Amino acid sequence: MRVRGYAPGTPCWAELVSPDPARAERFYGDLFGWSRNDDGHFTLGGRAAAGLRAGRPDRNAAWMISISTDDPAGTAEAVVRSGGAVRVAPASVRDLGTAAVLADPGGALFGTWLRSRFGGAQVSFEPGAICWYELATHDLDRTGAFYKEVFGWHTVEADSEGQPYFELHHHNDTVGGLVPIDVRFPPGVPDHWTVCFMVENAAAACERATELGGSVARGVEPASAGFYARLADPTGGHFAVIEFTEDWML
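Residues numbered from 1 in each chain as written. Predicted model: local features only at pLDDT ≥ 70, side-chain atom pairs only at ≥ 80, totals over all residues. Heavy atoms only, no water.

**Q** I keep staring at the packing of helix 2 (residues 72-81) against helix 3 (residues 140-151) and nothing clicks. Help me out?
**A** Where helix 2 contacts helix 3, the axes come no closer than 9 Å and their chain directions differ by 150 degrees. By the criterion of interaxial angle, the relationship of helix 2 to helix 3 is roughly antiparallel. With respect to the hand of their crossing, helix 2 and helix 3 are arranged in right-handed fashion. Here helix 2 contributes Thr75, Ala78, Val79 and Arg81 to the contact with helix 3, which in turn contributes Phe146, Glu149, Val150 and Phe151. Taken together, the residues of the contact of helix 2 with helix 3 break down into 5 nonpolar, 1 polar and 2 charged. (Axes fitted to C-alpha atoms, helices over the stretch in contact; angles between N-to-C directions. Helix = DSSP H or I, 4+ residues; strand = E, 2+ residues; numbered from the N terminus. Parallel < 35°, antiparallel > 145°, perpendicular 65-115°, else oblique. Left-handed = near helix turned anticlockwise from the far one by under 90°. Contact = heavy atoms within 4.5 Å. Nonpolar A, V, L, I, M, F, W, Y, C, P; charged D, E, K, R; others polar.)

Here it is as structure tokens:
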């Protein structure tokens with residue numbers, strides 16, 4: 001599905017920060033059929049699907065989401081006022097837009113993006129494209145209050161195959177998921193955002209990722225919309241894949 005724009009307060013982009021961009025490019029290119037364009041973005045069928053940039057060589061890769069804003073400085077101030085922190089102040093990224101790196105009160109990193117020439121992901125909800133963003137937290141109440149204050153999001157309990165799960169809503173749109181971290185992760189895992197990609201077959205994606213040098217962090221399991229698995233690329237970046245059922249897609 002082609003995406004033409006993002007309202008302020010909605011997730012618009014995800015970028016992999018990797019210590020080995022060349023290796024990451026090979027992995028995701030083979031797994032999702034991505035190429036690279038002149039801006040350095042991963043593309044799917046010629047449309048920008050996700051970002052890639054070099055990170056510190058002594059750190060594992062990590063995926064970071066970005067949320068659209070029409071006031072980067074004001075959003076950064078709201079983050080601090082609501083108990084979060086500014087890690088990288090808003091700054092121009094060539095002629096593409098203005099980016100900042102922020103943290104919520106639980107320490108989960110996320111970015112903000114003010115578009116200039118580039119608006120964000122140009123494709124969604126097709127195999128190889130981003131289809132969901134999910135936040136895992138130790139403190140549902142504090143985290144929910146933070147994102148409500150900063151972006152106007154509200155939390156709605158969702159059907160989750162017997163496990164507690166919540167959706168984050170912005171006005172009438174669902175912008176992501178919210179899960180208690182102890183439900184899905186072992187002790188010691190910090191609060192974090194996960195980027196989820198649509199695949200035709202979750203089991204086959206897990207097998208292919210392993211063949212390409214990645215790993216399966218959590219095998220395929222049923223979810224309300226289909227089947228879900230968590231993977232890691234060869235440079236350490238964790239992400240999820242979702243296989244939607246036909247009934248859910250209708």
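**Q** Would you mind showing me how to read the pattern of salt bridges here?
**A** Two side chains that carry opposite charge are able to pair once their charged atoms sit near each other. Scanning all chains against the criterion turns up 11 salt bridges. With a closest N to O distance of 3.0 Å, Arg117 and Asp39 form a salt bridge. Of this pair, Arg117 sits in the loop between strand 8 (109-115) and strand 9 (130-137) while Asp39 sits in the loop between strand 2 (35-36) and strand 3 (42-44), placing them 78 residues apart in sequence. Where Arg208 meets Glu211, a salt bridge forms, and the shortest distance between an N and an O atom there is 3.1 Å. Pair noted here: Arg208 and Glu211 are both in helix 5 (residues 202-211), with a separation of 3 residues, about one helical turn. Exposure remark for Arg208: the relative accessible area of 36% places this residue in the partly exposed category. Via salt bridges that share partners, Asp39, Arg94, Asp95 and Arg117 belong to a single interconnected network. (Salt bridge = Lys/Arg side-chain N within 4 Å of Asp/Glu carboxyl O. Buried < 20%, exposed > 50% of the residue type's maximum accessible area, 1.4 Å probe, protein only.)

**Q** Where do I start with the nonpolar core in this structure?
**A** Side chains that are nonpolar tend, in soluble globular proteins, to be buried together. Within the largest apolar cluster, 50 residues are counted, with the highest numbers of intra-cluster contacts made by Tyr28, Phe32, Trp34, Trp63, Phe110, Trp193 and Phe239. Among the nonpolar cores identified, the runner-up in size contains 16 residues, and Trp132, Ile181, Ala240 and Phe244 belong to it. (Core = buried A, V, L, I, M, F, W, Y, C linked by side-chain atoms within 4.5 Å.)

**Q** Where do I start with the packing of aromatic side chains in this structure?
**A** Here the distance between the centres and the angle between the planes together describe a pair of aromatic rings. Using the criterion set out here, one finds 27 aromatic pairs in the structure. With a centroid separation of 6.1 Å and an interplanar angle of 75 degrees, the aromatic rings of Phe32 and Phe239 are classed as edge-to-face. Of this pair, Phe32 sits in helix 1 (residues 21-32) while Phe239 is found in strand 16 (residues 238-244), placing the two residues 207 residues apart along the sequence. A relative accessible area of 8% means that Phe32 is categorised as buried. Relative accessible area serves as the criterion here: at 0%, Phe239 is assigned to the buried category. Members of the aromatic cluster, joined through ring pairs, are Phe27, Tyr28, Phe32, Trp34, Phe42, Trp63, Phe197 and Phe239. Positioned above the aromatic ring of Phe42, the side-chain terminus of Arg36 is 5.6 Å from the ring centre. (Phe/Tyr/Trp six-rings, centres within 6.5 Å; stacked < 30°, edge-to-face > 60°. Lys NZ or Arg CZ within 6 Å of the ring centre and 35° of its normal.)

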